[in-house]
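Listed below, chain by chain, are the residues.
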Amino acid sequence: MLAHLALLVASGLSFASLTQGSPIDARSNVGCTFHLSVNAGGNPPATYPVGQIDDGLCRARGDLEASTFTWFGDAFKDQRGRGCWWTPPTSVLQCDPSQQLSHGFDLGCHGNVSFSGQSTFFACKTDDSANIYLEPNGAQCQPVTLVADGCQSTCYDPDPHPLLDGNNNPPFKDCPANIIWSPYEKPQLMVPVDRSNPSNAYGPTYLGQVSQNFSTVYNVEIPSAYNGKSCKVFFSFPTLDQLASSNGTESYYFAGSGGVAFARLGKPASLDTTWEDVFGDSGGITGSTNGTNGITPLGQTHISPGHSYVVDRFACPAGSTLTYLITEPNNEDTYLVYLQNDVPVALGLFMSVC
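This structure is a prediction, so every number in the text was calculated from the model and none was measured.

Q: Give me the lowdown on the overall build of the chain, citing residues and values where you can.
A: Counting its secondary structure elements, the chain contains three helices and 25 strands. Within the chain, the proportion of its 354 residues that are buried is 52%. Accessible surface computed for the chain: about 15000 Å², of which carbon and sulfur atoms make up 49%.

Structure below.
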């Protein structure tokens, strides 16, 4: 298992190339105006308008006034007539006076933006907003798409961003399923449990595992400062191309059907937690509750790279610890081993707070 992970960590990563739109559409739309927004995924998708600070740097934030851009076929300027480009060496999106435009943009399916075939960009946190990059640049980056509200060509490219069945009703505020635009928590303890060795305790790990034998239990602590706020637990599963290779540690091995089940346990895990502690003698999730810990199923789905999956959402029980489980349902064939991490791109189980 670890050998698979090591091989993937050592492998090179590259961005996927997608088909661009029609050049005839692009030419016919020259001179029209549009706004940009960042789509951070989720269901419904979390979107943030793209505005600018005084020097022309493009930023995304929920309460930011959207800038108006003018389209030039495969490039654009901002409302002050400044040329927009990917500023070297960081490749951040900015608009500068007398600047040669970055050519190669396309406004395709329903306004979906691509650049030289690349349709995935990165929102990287800065203060209370996010800069937009071609590649991850910073400690907290989220893969996103850009969407224009005008000048686009007409085509169809649905992206359902599936949501788990069985979630609780949303609270008074629905938090984003990412780590960029709101505070977030990551597991303080991860423990693997093994069906083939049900009484063995394996202690703490940073490797999340789902297979025929292995499941993973997560403790997420909720600080008392979150009293009165809303919480959302989600599983972030980027593509390998969305993971940066800068430090050589963020990767995963994934095979099989992708069928997984999430559940909430009735008491926190410890270093001594075993398969028997979680499942009792049931062998898996079979009903509304079972096992010593009292499993509450939260739904089953088939995960695939490039999506975030909402696991649970609720009014934050401040000062408590919640415990979650990811396991393989019966009649599935899933193999996933990954390194839980939030730098530079979120991979694994997280909880956002708003």
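Q: Lay out the nonpolar core with the relevant residues and their values.
A: Ranked by internal contacts, the top residues of the largest apolar core, which has 37 residues, are Phe34, Phe76 and Trp181. The element contributing the most residues to this core is strand 13 (residues 141–148), with three residues. For phenylalanine 76, the residues in contact, after removing those within four places along its chain, are Phe34, Leu36, Phe69, Thr70, Trp71, Gly83, Cys84, Leu93, Leu101 and Phe105. Membership of the second largest hydrophobic core comes to 36 residues, among which are Cys124, Tyr133, Val233 and Phe237.

Q: So, the sheet that holds strand 14 (residues 184–185): which residues are in play, and what are the values?
A: Ordered in space as 14-25-18-22, the four strands form an open sheet in which the pairing is antiparallel. The two strands at the open ends of the sheet, each matched to only one other strand, are strand 14 and strand 22 (307–315). Here six bridges tie strand 18 (residues 230–237) to strand 25 (residues 348–353), and the two strands are oriented antiparallel to one another. Across the sheet, residue phenylalanine 235 finds its bridge partner in strand 25, namely leucine 349.

Q: Please provide a residue-by-residue account of the sheet that holds strand 15 (residues 189–194), values included.
A: An order of 15-17-23-20-21 is seen for the five strands of this open sheet, with the pairing classed as antiparallel. Pairing within the sheet leaves two strands with one partner each, and these edge strands are strand 15 and strand 21 (296–302). Going from strand to strand, the sheet's axes swing by 20° on average, the running direction of each strand aside. Pairing between strand 17 (residues 214–221) and strand 23 (residues 321–327): six bridges, direction antiparallel. Opposite valine 217, over in strand 23, you have leucine 325 as the bridge partner.

Q: Outline the environment of valine 38, supporting the account with residue identities and numerical values.
A: Tracing the chain through its elements places valine 38 in strand 2 (residues 36–39). Expressed as a C-alpha distance, the spacing of valine 38 and valine 144, which sit 106 residues apart in the sequence, is 6.5 Å.

Q: Requested: an account of the state of the cysteines, with residues and values cited.
A: Covalent bonding between the sulfur atoms of two cysteines defines a disulfide. Scanning the model with the defined rule gives five disulfides in all. The side chain of cysteine 84 participates in a disulfide bridge whose partner is cysteine 95; the two sulfur atoms lie 2.1 Å from each other. Taking the sign of the S-S torsion, about 95° here, the bridge from cysteine 84 to cysteine 95 comes out right-handed. Pair noted here: cysteine 84 is in strand 7 (residues 83–87) and cysteine 95 is in strand 8 (residues 92–96), with a separation of eleven residues, a long-range link. Neither cysteine 84 nor cysteine 95 differs from the other in exposure class; each is buried. You can see cysteine 58 has no disulfide; the closest cysteine sulfur is in cysteine 95, sitting 4.2 Å from it.

How each quantity is defined
- Residues numbered from 1 in each chain as written.
- Predicted model: local features only at pLDDT ≥ 70, side-chain atom pairs only at ≥ 80, totals over all residues.
- Heavy atoms only, no water.
- Helix = DSSP H or I, 4+ residues; strand = E, 2+ residues; numbered from the N terminus.
- Buried < 20%, exposed > 50% of the residue type's maximum accessible area, 1.4 Å probe, protein only.
- Areas by Shrake-Rupley, 256 points an atom, 1.4 Å probe, with all protein chains shown as cover.
- Core = buried A, V, L, I, M, F, W, Y, C linked by side-chain atoms within 4.5 Å.
- Contact = heavy atoms within 4.5 Å.
- Pairing = 2+ DSSP bridges.
- Axes fitted to C-alpha atoms, helices over the stretch in contact; angles between N-to-C directions.
- Disulfide = S-S within 2.5 Å.

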